[in-house]
Amino acid sequence: MMVTVIGRGHSGTRSMSHTLSASGVYMGEPLNVSGDLIPAQEMYEACRIFGKFVEYKGNMTWDFSKVLNMEPVPEFKRLVESFLHTVLESNAEHKGWKLPETILAFPWMLKMFPDIKYIFWVRDPRDCILGPHVTDDLADFNIEYDKTDDVRLRRAISWKYQREIYKATPKPKYCYKVKFEDMVFNQDETCAGISEFLGIPINKIEMRPDSVGRYKTAEGVYMYDFFKEDMDECGYEY
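Values in this document were obtained by computation on a predicted structure and should not be read as measured data.

Engineer: Could you give an account of the pattern of salt bridges, naming the residues involved and the relevant values?
Structural biologist: Across all of its chains, the model carries 19 salt bridges by this definition. As a salt-bridge pair, Arg 155 and Asp 136 come within 3.2 Å of each other at their nearest N and O atoms. Here Arg 155, found in helix α8 (residues 151-168), pairs with Asp 136, found in the loop between α7 (125-128) and α8; they are 19 residues apart in sequence, far enough to count as distant. The exposure classification of Arg 155 matches that of Asp 136, with both residues buried. With a shortest N-O distance of 3.4 Å, Lys 228 and Asp 225 are connected by a salt bridge. For Lys 228, a relative accessible area of 31% puts it in the partly exposed group. Overall, the relative accessible area of 61% leaves Asp 225 in the exposed class. Via salt bridges that share partners, Lys 160, Arg 163, Glu 164, Lys 167, Asp 230 and Glu 233 belong to a single interconnected network.

Below you can see the structure in the form of structure tokens.
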């Protein structure tokens, strides 16, 4: 069994990586404190190659038709396979990886790995955009958008883009959705669902209730109108 976690940085994906590691899933090596497979530079470069084929239509609308209808280019495949070499070469019965930037090339990752299991991870965007992340400026990955000097808005647009690329990509053969907040407050039930999906026992890790709703005491803007449709779809109130 091979599994990966698809979700934006600061969405709590580290808790899923740590959970999988605690459950005997080999997550590649080395790993950083967030449970990311590192070094990540090759995956970053693969995402930049992918980004060149995404067309920006304006008003936070991207056209993914080209990347959906073409096969990954050879250099993209080479970079991804090199990044994942410890996982791909492992004889572990259960293995996988987590790196938030994986979602930036989700359509091509799915083409390369159509039969693995995908855990799609989501968190309230109001919490998700409070801290800095390497994907905050989409231009760093050759993805066009309406540039802004407002750092919080840049993060919000990045969150929106990553949500759009997920929705535009055909649903994987094996896909399971998890909300970070459910992992915090309903861990037994959530882990039971993950266990059934993966076909292995899942061990719990410590989760911090104070990691939910941090936006309530944050300064500045953390809610944007373009969040609303996705928040409705994901079951978040505003």
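More follows now that the structure is in view.
Engineer: Can you tell me about the pairing of strand β1 (residues 2-6), naming the residues and giving the values?
Structural biologist: The element β1 is largely enclosed, with a buried count of five among its five residues. Every second residue of β1 is oriented toward a common face, with Met 2, Thr 4 and Ile 6 on one face and Val 3 and Val 5 on the other, all of them buried. Taken together, the four bridges between β1 and strand β4 (residues 95-98) define a ladder with parallel strand orientation. Looking at β4, one finds that Thr 4 is bridged to Trp 97. Looking at chain direction, β1 and strand β5 (residues 117-122) are connected through four bridges and run parallel. Pairing of Val 3 across the sheet is with Lys 117, part of β5.

Engineer: So what's going on with helix α4 (residues 74-83)? Residues and values would help.
Structural biologist: Within α4 the residues assigned to the buried category are Phe 76, Leu 79, Val 80 and Phe 83. Looking down the long axis of α4, one finds its buried residues gathered within 95° of arc, a one-sided arrangement. In this structure, the buried residues of α4 make contact with α2 (41-51), α5 (85-88), β4 and α6 (106-112).

Engineer: Help me get a handle on the nonpolar core, residues and values and all.
Structural biologist: Phe 50, Trp 62, Phe 76, Val 80, Trp 97, Phe 113 and Tyr 161 are the most contacted members of the largest nonpolar core, which totals 56 residues. Residue assignment for this core shows that the elements contributing at least two residues are β1, α2, α4, α6, β5, α8 and α11 (228-234). In contact with Phe 76, other than residues within four places in its own chain, are Ala 46, Ile 49, Phe 50, Ala 105, Trp 108, Met 109 and Met 112. In terms of nonpolar packing, the next biggest core, distinct from the first, is built from 20 residues, Leu 20, Val 178, Phe 197 and Ile 205 among them.

Engineer: How would you summarise α8 if you had to cite specific residues and measurements?
Structural biologist: Between its first and last C-alpha, α8 extends 26 Å over 18 residues, near the 26 Å set by a 1.5 Å rise per residue. Of all 18 residues that make up α8, 13 are buried, and the element is covered over most of its length. For α8, the capping residue at the N-terminal end is Asp 150, with a side-chain oxygen 3.1 Å from the backbone nitrogen of Arg 152.

Engineer: An account of the layout of surface pockets is needed here, citing residue identities and associated values.
Structural biologist: There is about 650 Å³ of room inside the largest pocket. Lining the largest pocket we find 32 residues, and of these His 10, Gly 12, Thr 13, Arg 14 and Arg 123 sit closest to its centre. Of all the secondary-structure elements, those providing two or more residues to the lining of the largest pocket are α1 (13-22) and α7. Ranked by residue count, the leading element in the lining of the largest pocket is α1, at four residues. Roughly 290 Å³ of volume is contained in the second largest pocket. As for the second largest pocket, its lining consists of 14 residues, and the residues nearest its centre are Val 122, Lys 177, Val 178, Lys 179 and Asp 182. Top contributing element to the lining of the second largest pocket by residue count: strand β6 (residues 174-179), with four residues. Looking at the lining of the second largest pocket, its residues break down into six nonpolar, two polar and six charged.

Engineer: Give a detailed account of the side chain of Arg 163, specifying residues and quantitative values.
Structural biologist: For Arg 163, the position within the fold is in helix α8. With relative accessibility at 9%, the residue Arg 163 sits in the buried group. Apart from residues no more than four positions distant in its own chain, Arg 163 is found in contact with Phe 120, Asp 230, Glu 233 and Cys 234.

Definitions and limits used
- Residues numbered from 1 in each chain as written.
- Predicted model: local features only at pLDDT ≥ 70, side-chain atom pairs only at ≥ 80, totals over all residues.
- Heavy atoms only, no water.
- Salt bridge = Lys/Arg side-chain N within 4 Å of Asp/Glu carboxyl O.
- Helix = DSSP H or I, 4+ residues; strand = E, 2+ residues; numbered from the N terminus.
- Buried < 20%, exposed > 50% of the residue type's maximum accessible area, 1.4 Å probe, protein only.
- Pairing = 2+ DSSP bridges.
- Arc of directions from axis to C-beta.
- Contact = heavy atoms within 4.5 Å.
- Core = buried A, V, L, I, M, F, W, Y, C linked by side-chain atoms within 4.5 Å.
- Expected span 1.5 Å × (residues − 1).
- Polar contact = N/O pair within 3.5 Å; in protein donor to acceptor, adjacent residues only side chain to side chain.
- 1 Å grid on protein atoms, 1.4 Å probe; cavity = no way out; pocket = protein on both sides within 12 Å on 5 of 7 lines; lining within 4 Å.
- Points joined across faces, edges and corners; volume = space filled by probe spheres on them.
- Nonpolar A, V, L, I, M, F, W, Y, C, P; charged D, E, K, R; others polar.

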